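The primary structure of each chain is shown beneath.
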Amino acid sequence: VQLQASGGGLVQAGGSLRLSCTASGRTVSSYTVAWFRQAPGKEREFVAAMFRGLNIYYADSVKGRFTISRDNANNMVYLQMNSLKPEDTAVYYCAADARLILSSVRQKNAYSYWGQGTLVTVSS
């Protein structure tokens, strides 16, 4: 499975962006898919996940502002980001895994496939 993230850019605080993750090589409709982010000098952190297309999970820091979704027909995953804050500035990565268990959904080491990342910069 190859993943490619896109849609990042520069936006003012309070604005919105939608990130896209295109999957190829295999259909990921039954996979757990997720978004992580990494700010400069910080560890990569969990943002949102959709566990096998069923349960959805968010980091507390983005709950109510970000929405993860998927388009199985086109093998794509999205992250709609609203009310962006300067602290949301980071490189955002999409990830996927076919066998991840529910208790590991927030753990970056549990994901086998990663996109290359897309930079989101939120100015104050």
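Relevant structure appears above.
Owing to the predicted nature of the structure, the values given are computational and were not obtained by experimental measurement.

Caption draft 1: Structural detail: the state of the cysteines. What the rule picks out here adds up to one disulfide. Residue cysteine 21 pairs covalently with cysteine 94 via a disulfide, S to S 2.2 Å. Looking along the S-S bond of the cysteine 21-cysteine 94 disulfide, the torsion reads about 65°, which is the right-handed sense. With cysteine 21 in strand 3 (residues 17–24) and cysteine 94 in strand 9 (residues 90–97), this residue pair connects regions lying 73 residues apart in the sequence. Take cysteine 21 and cysteine 94: they sit in the same class, and that class is buried.

Caption draft 2: Local environment of the pairing of strand 5 (residues 45–51). Counting buried positions along strand 5 gives six out of seven residues, so the element sits mostly inside the fold. By the bridge criterion, five bridges tie strand 4 (residues 32–38) to strand 5 in an arrangement that is antiparallel. The partner of tryptophan 35 across the bridge, within strand 5, is alanine 48. The turn joining strand 4 and strand 5, which pair antiparallel and follow one another in sequence, is formed by six residues; a positive phi near 75° is taken by glycine 41.

Cut-offs and rules
Residues numbered from 1 in each chain as written. Predicted model: local features only at pLDDT ≥ 70, side-chain atom pairs only at ≥ 80, totals over all residues. Heavy atoms only, no water. Disulfide = S-S within 2.5 Å. Helix = DSSP H or I, 4+ residues; strand = E, 2+ residues; numbered from the N terminus. Buried < 20%, exposed > 50% of the residue type's maximum accessible area, 1.4 Å probe, protein only. Pairing = 2+ DSSP bridges.

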